[in-house]
Amino acid sequence: MTARPLHLLLLLGCVLACRPNPPQARPTKARDPYARERAQMVREQLHARGIRNDAVLDAVRRVPRHLFVPPESQGQAYADHPLPIGFEQTISQPYIVGYMTEAARVSAGSRVLEIGTGSGYQAAVLAEIAGEVYSIEIVPELAERARALLAELGYRNVHVRAGDGYAGWREHAPFDAILVTAAPDHVPPALVEQLAVNGRMVIPVGTGEQEMRVITKTPAGVVEERTMDVRFVPLVRSDTTGP
Ligand code: SAH
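Note on numbering: residues in each chain are counted from 1, in written sequence order. Totals for whole chains, interfaces and linings use all residues, but because this is a predicted model, local features are given only for residues with pLDDT of at least 70 and pairs of side-chain atoms are given and counted only at 80 or more. No hydrogens and no water enter the side-chain calculation; it runs on all heavy atoms of the structure.

**Student:** Sorry, what's going on with the packing of aromatic side chains here?
**Tutor:** Each pair of aromatic rings is reported with the distance of its centres and the angle of its planes. Side-chain rings of Phe, Tyr and Trp, where Trp is taken by its six-membered ring, are said to pair if the distance between their centres is within 6.5 Å; with planes under 30 degrees apart they count as stacked, over 60 as edge-to-face, and otherwise as tilted. Scanning all chains against the criterion turns up five aromatic pairs. Seen in terms of ring centroids, Y95 and Y99 are 6.2 Å apart; in terms of plane orientation they differ by 40°. Their pairing is tilted. Here the residue Y95 and the residue Y99 both occupy positions in helix α5 (residues 94-103), the gap between them amounting to four residues, near one helical turn. For the pair formed by Y95 and Y99, the shared burial category is buried. Pairwise contacts between aromatic rings join Y134, W169 and F175 into one cluster. Numbering of helices and strands runs from the N terminus, with a helix taken as a DSSP run of H or I at least four residues long and a strand as a DSSP run of E at least two residues long. Buried means the residue's accessible area, taken with a 1.4 Å probe over protein chains only, is under 20% of the maximum for its type, while exposed means over 50%, and partly exposed covers the values in between.

**Student:** I would appreciate a short explanation of the site of the ligand in the present structure.
**Tutor:** If a single non-hydrogen atom of a residue is within 4 Å of a molecule or strand, that residue counts as near it. S119, E137, D164, G165 and V236 are the nearest of the 25 residues found near the ligand. N or O atoms within 3.5 Å of each other form a polar contact, as long as, within protein, one can give a hydrogen and the other can take it, and as long as residues adjacent in sequence are counted only when both atoms are side-chain atoms. Contact between the ligand and T181: a nitrogen atom at 3.1 Å from a side-chain N or O atom of the residue. Between a nitrogen atom of the ligand and a main-chain N or O atom of V236, the distance comes to 2.5 Å. Here the ligand loses 99% of its free accessible area of 590 Å² to cover by the protein chains. Counting residues per element, the ones that place at least two in the shell around the ligand are β2 (89-91), β3 (111-115), α6 (121-129) and β4 (132-137). It is β2 that contributes the most residues to the shell around the ligand, three residues altogether. In this count, Pro and Cys sit with the nonpolar residues alongside Ala, Val, Leu, Ile, Met, Phe, Trp and Tyr, while Asp, Glu, Lys and Arg are called charged and the others, Gly among them, polar. For the shell around the ligand, the per-class residue count stands at 12 nonpolar, 10 polar and three charged. Residue burial considers only the protein chains on display, and all accessible areas are found by Shrake-Rupley using a 1.4 Å probe.

**Student:** Would you mind showing me how to read the sheet that holds strand β8 (residues 210-218) here?
**Tutor:** Strands pair in a sheet through their backbones, by hydrogen bonds, and they do so in one of two ways: parallel or antiparallel. In short, DSSP must find at least two bridges between two strands for them to pair. Strand order in the open sheet formed by seven strands is β5-β4-β3-β6-β7-β8-β9, with mixed pairing between adjacent strands. Since the sheet does not close on itself, it has two edges, and those belong to β5 (158-162) and β9 (221-230), each with one partner. Taking each pair of neighbouring strands and ignoring which way they run, the sheet shows an average axis angle of 15°. Pairing of β3 with strand β6 (residues 175-180) involves four bridges; the strand directions are parallel. When the sheet's bridge partners are listed, E114 is paired in β6 with L179. Whether two residues are in contact is decided by their heavy atoms, any of which lying within 4.5 Å being enough. Convention adopted: a line fitted to C-alpha atoms gives each axis, helices being fitted over their contacting stretch, and angles between N-to-C directions are expressed from 0 to 180 degrees. Contacting β6, β7 (195-205), β8 and β9, α5 crosses the sheet at an angle of about 165° to β9. Those strands touched by helix α7 (residues 140-152) are β4 and β5, and its axis lies near 160° from that of β5.

**Student:** Is there a simple way to think about α5 in this case?
**Tutor:** It helps to recall that an α-helix has 3.6 residues per turn; residues three or four apart then point in one direction. Among the 10 residues of α5, nine are classified as buried, and the element is accordingly described as predominantly covered. Every buried residue belonging to α5 is among P94, Y95, I96, V97, G98, Y99, M100, T101 and A103, and all of these are buried.

**Student:** Any chance you could explain the pattern of salt bridges here in plain terms?
**Tutor:** For side chains of opposite charge, pairing can occur when their charged atoms come near one another. Here a salt bridge means any side-chain nitrogen of Lys or Arg lying within 4 Å of a carboxyl oxygen belonging to Asp or Glu. Here the structure, examined in full by the defined rule, presents 11 salt bridges. Note that E128 is salt-bridged to R62, the shortest N-O span being 2.6 Å. Residue E128 is found in helix α6, and its partner R62 is found in helix α4 (residues 54-62); the two are separated by 66 residues along the sequence. With relative accessibility at 25%, the residue E128 sits in the partly exposed group. A relative accessible area of 44% places R62 in the partly exposed class. With a shortest N-O distance of 2.8 Å, R213 and E224 are connected by a salt bridge. Linking R213 in strand β8 with E224 in strand β9, this pair joins segments that are 11 residues apart in sequence. Using a relative accessible area of 14% as the deciding quantity, one classes R213 as buried. Three or more residues joined by partner-sharing salt bridges are found here, namely E211, R213, E224 and R226.

**Student:** Explain the packing of α5 against α6 to me, please; I cannot follow it from the model alone.
**Tutor:** Between two packed helices, what matters for the description is the angle formed by their axes and the separation of those axes. Orientation of α5 relative to α6, taken along the N-to-C sense of each, is 40°, at an axis distance of 10 Å. Overall, the two elements α5 and α6 adopt an arrangement that is oblique. In this structure, α5 meets α6 at a crossing whose hand is right-handed. Taken together, the residues of α6 that come into contact with α5 (itself represented by V97, M100 and T101) are Y121, Q122, V125, L126 and I129. Split into classes, the residues belonging to the contact of α5 with α6 amount to six nonpolar, two polar and no charged. Note that the term roughly parallel is reserved for angles under 35 degrees, roughly antiparallel for angles over 145, roughly perpendicular for angles of 65 to 115, and oblique for everything else. Crossing handedness follows the turn of the near helix against the far one: under a right angle anticlockwise gives a left-handed crossing, and clockwise gives a right-handed one.

Have a look at this one:
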């Protein structure tokens, strides 16, 4: 009888020694040196400023923002400001990305339109939550770069098109959410048309001084809220024939 505890001990020793490594946990951390910085960014820049939608916070926690900025800016990828991405354009401040995603009430299954793909970062955050994301970028080189990166990262539900997003993307309308990440001087009428009933559009409007507007298409009509002062790059037009 006295041997039993020894057997148990040996068995326990073997169980501990023979236990396989926890699946993937270590390699994943090692491959993502920015995971801690990203979690801190979500806490201090998004949650602390009032973003409470768990799907949004989780999405931002997952997307490797440092891969969407130029290599020389990687060390600043999680800082509290926008960064240049070439072609005189910028990747938005992380808080703004979280704010717009939350304000648009994007949820699983949403069909989303983004105007201004830029780096593709906002599109990736949307793709983590939504069903399908359609994104239009007027600078062909940026569109191509974002498309390649999003594909490489495995985002199969993002569709990037090079072109002027002022007229939206009629073939895939109506959209449950529309995010415009460059500022026009008025709300493009085609985007309001392409919004689904109960859909929401988040759009900065103005030249110089800009304000964020959240536009909801209710069954009774279009409701517009002005939420905060912002600064985005201007929405440019590929032709001047439109309104
Ligand atoms: N959402 C981007 C940041 C956008 S910066 C990100 O996550 O990185 C704004 C982008 O809008 C720029 O890349 C600019 O080229 C693009 N843009 C400006 N006018 C546009 C238009 N009419 N149609 C589509 N894209 C436009």
